[in-house]
Every structure is written in structure tokens, then in C-alpha cells.
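# A structural walkthrough
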Amino acid sequence: MTAIRRRHATELETISVTVPEIAVEAYENAISTVCATVGIFEFDEEEKLWRVEGVKDTGHAEDELAAALALAALTTGINADLERTNTETEGWLARTYESFPAQEVGKRFIVRGSHLDEAPDSNRITITLDAGMAFGSGEHGSTRGCLRALELVAHRKPRNILDLGCGSGILAMGAAALLHRPVLATDIDPWSVRITQENAARNGLSRLIEARLGNGWSTPEIRRRAPYDLVFANILARPLCMMAKDLSRHLAPGGTVILAGLLNTQVRMVLAAHQRCGLVLERHLREGDWGTLILRKPFKTVNTTNRH
């Protein structure tokens, strides 16, 4: 998922909305257009309400925020009240550091913040990231699910790998470090491309990771390098559905796709869109409320019937 990093401001504010589950994705999109960090939390289990909140520079991009919230209300039919609270910069950064200790993911990875003094003493693959990242820090369920899924399909030794919507570059780095293969990492956001380049250099993986600006499958460079043996698409449910046909077309026979950025309640919708394009479900992994799908494109069948 896309992560955006900006310089630390002297004043920050936390903005939030409380919405039913059906509106979570739209309001997450809205808030992420202007916020450096975005979080989604279950607010009321009985009423099935969710809190979507983000941290941004005070007064930053107010027109863009208003337009994005209006679009979310229009598309969902739900008008959510926007709440604002002042957030001290130093306090927010300290809390971010406290909430991002070194953490083990799956059986092979450990993710640590760049603010930590010492690298962990571990046989796992270590990925070091800036603790100020919104998504792709290793603590979000969709990111953890993707790394677990990568472990499950690594034995296939994919050669041509794409991280579509790379955000912080954590999935591209995980694949490069585990498989020792080059990875094309793309994102529609220029900051994410820059962050991925910085993180790749921080982890000694610049040689294997090429970060490029691109708008999904409409990008000529992404299409030109197809077909792919492994594709990560940790985005959002509806964009995943819209891209299903292009994804299937650019996946190699026998190729694998790892889809994430969706709630478990959205799995059926996303799966149906990809099954209609000929992809086959292998696993549905769960990390709390978040789901990760592993799908595969079947090999072409060969007609061996004898002809006389």
C-alpha cells in the first residue's frame, strides 16, 4: 500500500472519521490523499463501526481533503463527521517509535525501525525501515500477510517479480532478500518510489530493486516486462477488482499473485473478480481483520488425444 513521507512539521493534527465497514475503503482513500500516516481501527464491534484516522501537517491540503471527503460521501452515501485533534510533533514521533519495536513476521523475517540502535541477533532476514511509515512497516495485517504468503510460494523460485503499489518497498525487499532475484517495484506516488529507493539502499538491496513511477498496468514499462512469475498487489479491494483482467493477462502460466489490502469481509468480492479471469485460489491467509490471497494462473493444458 502506498506510504507518503513528508518532513516533520512544527504542528501536526490527527483527523478521523467513524464509519460503517462498507465505507472504510472510501474514507481510507480520502484521508490517505493528505496524510502521512493512516490507521484503521475497530471502533464498535457490535455496531460494526470503524475509525479511520490520519496524521498530517496542520492546515496542509485542506481543499484536497474536503474534495476527497466529499467524494467518499458521494460514493458511499454516508456523510461522516471529520474530527480534528492537535498532535505534538515530538510526542507523536515518540509514540511512533514506541509502537514500532523489532517484530518477527512469519518464519523468515524480522522488521525493525531505523531508530533502533542495534540490529537484532537473529537468523531471520532483517528488513530495516523508517518508523514514520504509514503502511509497509510490517505491523499492518496486509503487509504481514504478504510476507507470510511470500514464504509459502518461495519454493517456486520465481524469476520475474513485480511489486505493484510498492509503498515503502518492504515486499520488494522481502522478495529480493529471500529469493536473490531482481524486483521491479512501482507506485503511482513519487514519494513512495523515492522511499523504496532509500530503503533498498539502507538494506543493501539497491542492486536487486528497481523502483519506478507507474500507474498500474497502464504503464508501458510494466506491461513491457511481462509476463511475471510473481506479482504483489497490496492495494485496496476495489482497485484490485478493477485490475484483475490486466493482472491475469500479464501473469505467466503457472505464475503466482499475492493480493492484499482487503478486509476479510471483502475477500469474496476480490476473489470472484479474479476467478472470472481464470485465476485459481490457493490460500486465504488471515491477519486479524485483514486478508491475503494467494492465487495462481494455471498452466495451459495440452491436448494429447491421438488423431487418426
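For the structure given in this document, a descriptive report is provided here. As the structure is a prediction and not an experimental result, all values here were calculated from the model.

## A closer look at empty space enclosed by the protein
This structure, assessed with the given rule, holds three cavities of 30 Å³ or more. Counted as a void, the largest cavity has a volume near 50 Å³. Lining the largest cavity, in full, are V24, E25, E28, I40, L236, A237, G261, L263, Q266 and W290. Taken together, the elements giving at least two residues each to the lining of the largest cavity come down to helix 1 (24–32) and strand 12 (251–263). With three residues, the top contributor of residues to the lining of the largest cavity is helix 1.

## Here's the deal with the sheet that holds strand 6 (residues 109–113)
In space, the three strands of this open sheet follow the order 5-6-7, with mixed pairing throughout. One side of each edge strand has no neighbouring strand; the edge strands of this open sheet are strand 5 (103–105) and strand 7 (125–129). Taking each pair of neighbouring strands and ignoring which way they run, the sheet shows an average axis angle of 30 degrees. Sheet analysis places strand 6 next to strand 7, joined by five bridges and oriented parallel. Bridge pairing in strand 7 links I110 to T126.

## Considering the nonpolar core
One broad rule of soluble globular proteins: the nonpolar side chains tend to lie buried together. Ranked by internal contacts, the top residues of the largest apolar core, which has 35 residues, are F109, L150, I209, L230 and F232. Put simply, the parts of the chain that give this core at least two residues each are strand 6, strand 7, helix 4 (141–153), helix 5 (170–179), strand 9 (183–187), strand 11 (228–234) and strand 12. Per-element accounting of this core gives the leading share, nine residues, to helix 5. If we skip the residues at most four places from it in the chain, I209 touches A172, M173, A176, V183, A185, T196 and A200. Counting 25 residues, the second-largest nonpolar core is a separate cluster that includes L162, L184, Y228 and V257.

## Notes on the pattern of salt bridges
As enumerated under the stated definition, the model contains 17 salt bridges in all. For R212, the salt bridge is made with E210, and the minimal N-O distance between the two is 2.8 Å. One salt-bridge network, held together by shared partners, links E210, R212, E221, R224 and R225.

## What to know about the sheet that holds strand 10 (residues 209–213)
In space, the seven strands of this open sheet follow the order 10-9-8-11-12-14-13, with mixed pairing throughout. The open sheet terminates on both sides in strands that have one partner only, identified here as strand 10 and strand 13 (280–287). Sheet twist, expressed as the mean angle between neighbouring strand axes with direction ignored, is 15 degrees. Here helix 4 sits on the sheet in contact with strand 11, strand 12, strand 13 and strand 14 (290–296), set at roughly 135 degrees to strand 13. Set on the sheet, helix 10 (residues 267–275) makes contact with strand 12, strand 13 and strand 14; between it and strand 14 the angle comes to about 15 degrees.

## Overview of the side chain of N234
Looking at the secondary structure, you find N234 in strand 11. Residue classification places N234 among the buried positions, given a relative accessible area of 3%. In terms of polar contacts, N234 uses its side chain to reach the side chain of S142, at 3.4 Å. Within the local environment of N234, its side chain forms a polar contact with the backbone nitrogen of G261, the two atoms lying 3.1 Å apart.

## Some words on the packing of helix 4 against helix 5
Between helix 4 and helix 5, the shortest axis-to-axis distance is 10 Å and the interhelical angle comes to 20 degrees. For the element pair helix 4 / helix 5, the angle class is roughly parallel. As helix 4 runs across helix 5, the sense of the crossing is right-handed. Seen from helix 4, the contacting residues are T143, C146, L147, L150 and E151; seen from helix 5, they are I170, L171, G174, A175, L178 and L179. Class assignment of the residues belonging to the contact of helix 4 with helix 5 gives a composition of eight nonpolar, two polar and one charged.

## Some remarks on the environment of S122
Among the structural elements, S122 can be located in the loop between strand 6 and strand 7. Its relative accessible area of 26% is what places S122 among the partly exposed residues. Separated by 14 residues in sequence, S122 and R108 have C-alpha atoms that sit 9.9 Å apart.

## Considering the packing of helix 1 against helix 2 (residues 62–76)
At their nearest, the axes of helix 1 and helix 2 sit 8 Å apart, and the two run at 170 degrees to each other. With respect to helix 2, the element helix 1 is oriented roughly antiparallel. When helix 1 is examined against helix 2, the residues A26, Y27 and A30 are found in contact with a partner set consisting of A68, L69, A72, A73, T75 and T76. Residues belonging to the contact of helix 1 with helix 2 are distributed by class as follows: seven nonpolar, two polar and no charged.

Rules of the game
- Residues numbered from 1 in each chain as written.
- Predicted model: local features only at pLDDT ≥ 70, side-chain atom pairs only at ≥ 80, totals over all residues.
- Heavy atoms only, no water.
- 1 Å grid on protein atoms, 1.4 Å probe; cavity = no way out; pocket = protein on both sides within 12 Å on 5 of 7 lines; lining within 4 Å.
- Points joined across faces, edges and corners; volume = space filled by probe spheres on them.
- Helix = DSSP H or I, 4+ residues; strand = E, 2+ residues; numbered from the N terminus.
- Pairing = 2+ DSSP bridges.
- Axes fitted to C-alpha atoms, helices over the stretch in contact; angles between N-to-C directions.
- Core = buried A, V, L, I, M, F, W, Y, C linked by side-chain atoms within 4.5 Å.
- Buried < 20%, exposed > 50% of the residue type's maximum accessible area, 1.4 Å probe, protein only.
- Contact = heavy atoms within 4.5 Å.
- Salt bridge = Lys/Arg side-chain N within 4 Å of Asp/Glu carboxyl O.
- Polar contact = N/O pair within 3.5 Å; in protein donor to acceptor, adjacent residues only side chain to side chain.
- Parallel < 35°, antiparallel > 145°, perpendicular 65-115°, else oblique.
- Left-handed = near helix turned anticlockwise from the far one by under 90°.
- Nonpolar A, V, L, I, M, F, W, Y, C, P; charged D, E, K, R; others polar.

These figures capture arrangement, not role.
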